[in-house]
Amino acid sequence: MRSSDEGTGTVVSGAVRKYANVPGGLLPLLHEIQAELGFIPADCVKVIASGMGLSRAEVHGVISFYHDFHDQPKGQTTIHVCRAEACQAMGSRSLEAHVKARLGIEYGGTTTDGRYSLEPVYCLGNCACSPSVRIGDDVYARVDADRFDELLDSI
Amino acid sequence: MVKIFIPADTTSCALGADAVAKEVTLQAQNRGLDITIIRNGSRGAFWLEPLVEIEADGNRYCYGPVNPSEVAGLFDAGFPGLCEHALLLGQAADIDWLARQDRLTFGRAGLIDPLSLDDYKQNGGYEGLNNALDMSPAEIVGAVTDSGLRGRGGAAFPTGIKWRTVLNTPADQKYVAANADEGDSGTFADRLLMEADPYQLIEGMTICAMAVGATEGYIYLRSEYPKALQVLNQVIATAEDANLLGKNICGSGRDFHIHIRVGAGAYICGEETSMLESLEGKRGLVRFKPPLPAIEGLFGKPTVVNNVLTLAAVTTVLAKGAAYYKDYGSGRSRGTLSVQLAGNIRRGGLIEVPFGASLRELVEEFGGGTASGRPVRAIQVGGPLGAYLPESQWDTPMDYEAFTEVGAMLGHGGVVVFDDSVDMLAQARFAMEFCAVESCGKCTPCRIGSVRGVELIDKIAKNENKSASFELLEELCETLDQGSLCAMGGLTPMPVRSAIRHFPQDFEVSSGSGVER
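Each value, and the rule that gives it
- Residues numbered from 1 in each chain as written.
- Chains lettered and ligands numbered in written order.
- Predicted model: local features only at pLDDT ≥ 70, side-chain atom pairs only at ≥ 80, totals over all residues.
- Helix = DSSP H or I, 4+ residues; strand = E, 2+ residues; numbered from the N terminus.
- Rg over C-alpha atoms; globule rule 2.2 N^0.38 Å.
- Buried ≥ 20, exposed ≤ 12 C-beta atoms within 10 Å, placed from the backbone.
- Contact = placed C-beta atoms within 7 Å.
- Core = buried A, V, L, I, M, F, W, Y, C linked by C-beta atoms within 7 Å.
- Pairing = 2+ DSSP bridges.
- Axes fitted to C-alpha atoms, helices over the stretch in contact; angles between N-to-C directions.
- Domains from an automatic or database assignment.
- Parallel < 35°, antiparallel > 145°, perpendicular 65-115°, else oblique.
- Nonpolar A, V, L, I, M, F, W, Y, C, P; charged D, E, K, R; others polar.
- pLDDT = per-residue confidence, 0-100.

(A) Highlighting the overall build of chain B. Counting secondary structure elements, chain B contains 22 helices and 16 strands. For 517 residues, the compact-globule estimate of 2.2 N^0.38 gives 24 Å, and the C-alpha radius of gyration of chain B, at 24 Å, lies within 12% of that figure. C-alpha atoms of chain B, sized along the principal axes, occupy 75 × 60 × 40 Å. Counting only residues that meet the buried cut, chain B has 57% of its 517 residues in that class. The long-range share in chain B, meaning contacts at least 24 apart out of those at least 6 apart in sequence, stands at 73%.

Structure follows, in C-alpha cells:
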C-alpha cells in the first residue's frame, strides 16, 4: 500500500487532524495509523511531519526508535515469543528454536504465505506461568513445543 | 440466581479462564440453571488459576485450578452449589498461601468486579480521596511523608519528598504521570493491580493531584498490556461519569483529568525521564538530571512520576493513616512489598508481605520450590538489571538496604527462580544482550559497551584469552556502572558481576583450543 492510495491518505490525514493539537500526540497517532494500515508507510512521514509541525527526521526518528512501529507490512498475525529471564528459566530458549523452525523464519521475519510474523518480546508480564507467547492480542501460558503447535493448528 | 466468579485478567485468560467461562455458561444453559458470571480479577495465586468461585450462604468458595474439560464434572457433582469435589479449595481465607499475606494494596484483587465502581467503594475504595479532600495539600504530602512510603518502581525514592518538591514548585501547570511501563522480567504486580483493582490507581493519582496541585494526569501503559488498557479506558469513563474525575471533582472546586498513553515496546521508557520524552511524543531518550522531573518534568512542568504501586499505596495511607502503613515493614523500608514470584516456581504469583521476609521463605514456603522439581540454584531479584543471588544470600531480609548491602537490589519486587540446569554464563551474556537491544543509545558505555560485553562473554565461553577477557569485562562493567546516565547502563553490570562472582564454575569452560584459562 502507498500513501498515494486514497485509503491510506484518508487514514493518515484523519489521524493527523485528530492528533495535531493533542500534547505529545505523535505516539498515539502512529499507533492509530499502524492499527488501521498494519504498518506505517515510509511515504506518510512527510504528511505526518507537516501536519504535526515536526521535521521528517523527528517523525522517522520516533518510528525507528520503538520496536512496535514498522514501515513494512507484517503478516496477518504477529507471534511474540518472550525472551526474558522468567521464561528462560522455564525453557523458552528451546521454545524459541522450535517456533523459528516450525514457522521457518527468524525474528523480524514473515512467513512466505504472509500469515505470520515473528517478533521477540521482553516480558509479557505473565512470568509466574512461563514460558509465554502472544499470538495477536492473546497471551498463552506454559507454552512448550507441543502446545505451540496445538495453538498454531487451531488458528 | 447463583453468582460465579471467573477471573478475566491476562494470566488467568492465558491459562484458559475464557474457555472455562464459556463452558460454565454452556453447562448452566443445558441444565437450566440460573447463574450470573462475574469476571473478577485474579487474587494473584496464579498457580491456582483459573480459580472459579461461587457464592453460597453468604460466603465465597474457590475451586481451582479448573480446566475447561473439568467443568461438566463439576456441574455433575453439584456445582455451582457448594459441593464435594477434588478441586474445592474452600474459602479464600482457607488457602494458606493467601491467608499468610498482608494485603494492603491487593486486598480487593480477585474480590471485586474490577469494572464496578460500587464494588470498589463498598470495599474501602475512595475513602482515601474523601479524607484527602478535607485536607490541605501540605497535610496530604505530610501524611505520605510520615508513612515512609518509597517509590515502588525500583528506585525507592521517598515519595513524600518528591511530592513536596512538586507542591513547592510554582507553575501554571503541573502533572501526575503514572509509570505503568512494567517491563522488568518477573514482574506483573502493576498489571494485576490495573486489571483486578484499577480504581485504586485512579484514586491514587487523584489524591496526588490534590496534593501537588496538578490538573492533568497521564498513565504511561506498556503496549504489551492490551487487557489493562481496555479496563483502564472503561474505569476512567466511569469515574468521569461519577464526577470522581474531570471538572470540580466531588464538588471540591478542583479539576483533574487522566489520559492514557500507550508505549511502543521500548523497555527504556520505564526509566522516568525516557518515559517523559515518550509521553511528549519523542524518541525515548534518557534526559540529564538535574533538572529533576519534579521541577521540570512533562512538557517542562513540575511532574510527579510514580510507579503504579506507589500511587496505589497512597490510597491506603490516606484511608487508614500514615501510622497504620508505617507499622508494617523493616528498617527504612516501610509498608508492604508486592513480591512477584516467577520463573521456575511451583506456586508462583503475587505475594504481598511486609518488607523483611527472606527470599528463602518466599521461594520455599510460598513457592514450594521449583516447577521442575529440581533444586533451586540461582534467584534473580529486581528484574533484568538485578543480581543473581546464590543460596548463601537467600536469608537476606527483603528490604532495600539489606539487598544493597549484599550487592543486589529489590527493584520492583520481581523474583525469578532458576533450577540447577541454568547456565549462568548464558544469563550474564543475556544481560549484556538485553542492554544492547534496549539501550536508548544516548550514552556510549551503554550503547557500545553492552555489545562489547556480549563479545567478551562469547570469548570467555570459547576460552579465548580468558584472563584478559575477564579483566576487560570487569573494566567494561566499571565503565558502564560509572559512566552511564541512567540505571539501564548503570545496572547492567549487576547481573553480570553477580553471575561471575557467585557462579564462577559456569565460566570455567574447558572446551575450545585449551589456551590460557
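That was the structure; now back to the text.
(B) View of the overall build of chain A. Counting its secondary structure elements, chain A contains seven helices and four strands. For chain A, contacts bridging at least 24 residues in sequence account for 58% of all contacts bridging at least 6.

(C) Structural context of the interface of chain B and chain A. Taken together, the contact between chain B and chain A spans 48 residues of the former and 34 residues of the latter. The dominant element in the side of chain B that touches chain A, judged by the number of residues it contributes, is strand β12 (residues 336-343) of chain B, at four residues.

(D) Summary view of the environment of Arg-17 of chain A. All names here are of chain A. Inspection of the secondary structure puts Arg-17 in helix α1 (residues 6-19). Look at Arg-17 and you get exposed, because 11 C-beta atoms sit within 10 Å. Taking the C-alpha atoms as reference points, Arg-17 and Leu-29, separated by 12 residues in sequence, lie 9.6 Å from one another.

(E) Highlighting the environment of Phe-148 of chain A. Residue and element names in this part refer to chain A. With respect to the helices and strands, Phe-148 occurs in helix α7 (residues 145-154). When the C-alpha positions of Phe-148 and His-80 are compared, they lie 12 Å apart, and in sequence the two are 68 residues distant. Every residue in contact with Phe-148, bar those within four places of it in the chain, is listed here: Leu-95, His-98, Val-99, Val-133 and Val-143.

(F) A look at the nonpolar core. The biggest cluster of nonpolar side chains holds 216 residues, and the ones touching the most others in it are Ala-177, Ala-178, Cys-208, Val-304, Ile-379 and Val-415 of chain B. Broken down by element, this core gets its largest block of residues, 10 residues, from helix α10 (residues 199-212) of chain B.

(G) Highlighting unusual backbone geometry. All names here are of chain B. In this model, Gly-64 is joined to Pro-65 through a cis peptide bond whose omega is -10°. Within the secondary structure layout, Pro-65 lies in the loop between β4 (59-63) and α3 (71-76). Along the chain, Lys-289 connects to Pro-290 via a cis peptide bond; the corresponding omega equals -5°. Mapped onto the fold, Pro-290 is located in the loop between α12 (272-279) and β9 (303-307). You will see that Asn-465, though not glycine, has its phi angle at about 40°, which is positive. Within the secondary structure, Asn-465 is located in the loop between α19 (449-461) and α20 (466-483). Note on Asn-465: 15 C-beta atoms within 10 Å, which makes it partly exposed.

(H) Spatial organisation of the sheet that holds strand β1 (residues 2-5) of chain B. All names here are of chain B. Taken in spatial order, the five strands of this open sheet run β2-β1-β3-β4-β5, and their pairing is mixed. Looking at which strands have only one partner, the edges of the open sheet turn out to be β2 (35-38) and β5 (88-90). Ignoring strand direction, the axes of neighbouring strands in this sheet form an average angle of 30°. Across five bridges, the pairing between strand β3 (residues 52-56) and β4 is antiparallel. Counterpart to Val-52 in the pairing with β4 is Tyr-63. The sheet contacts of helix α2 (residues 17-30) involve β1, β2 and β3, and relative to β2 the element is tilted by about 175°.

(I) Structural view of helix α8 (residues 159-167) of chain B. In terms of burial, α8 of chain B is largely enclosed, as seven of its nine residues are buried. Taken residue by residue, α8 of chain B has Thr-159, Gly-160, Lys-162, Trp-163, Arg-164, Val-166 and Leu-167 of chain B as its buried positions.

(J) Inspection of the domain arrangement of chain B at higher detail. Splitting chain B by domain gives domain 1 (2-99), domain 2 (117-326), domain 3 (329-419) and domain 4 (424-507). One C-alpha centre belongs to domain 1 of chain B, the other to domain 4 of chain B, and the line joining them spans 47 Å.

(K) The packing of helix α7 (residues 137-147) of chain B against helix α13 (residues 308-320) of chain B, seen in detail. All names here are of chain B. In contact at an axis separation of 10 Å, α7 and α13 are set at 105° when each is read in the N-to-C sense. The angle between α7 and α13 places the two elements in the roughly perpendicular class. On the side of α7, the interface is formed by Ile-140, Ala-143, Val-144 and Ser-147, while α13 contributes Val-314, Val-317 and Leu-318. Across the contact of α7 with α13, the residue classes break down as six nonpolar, one polar and no charged.

(L) View of the confidence of the model for chain B. Residue and element names in this part refer to chain B. Per-residue pLDDT for chain B averages 97, and the proportion of residues at 70 or more is 98%. Low pLDDT (under 50) marks residues 511-517, which in the prediction has 11 contacts with non-local residues, meaning those over four places away or in another chain. Reported for the predicted complex are a pTM of 0.97 and an ipTM of 0.96.

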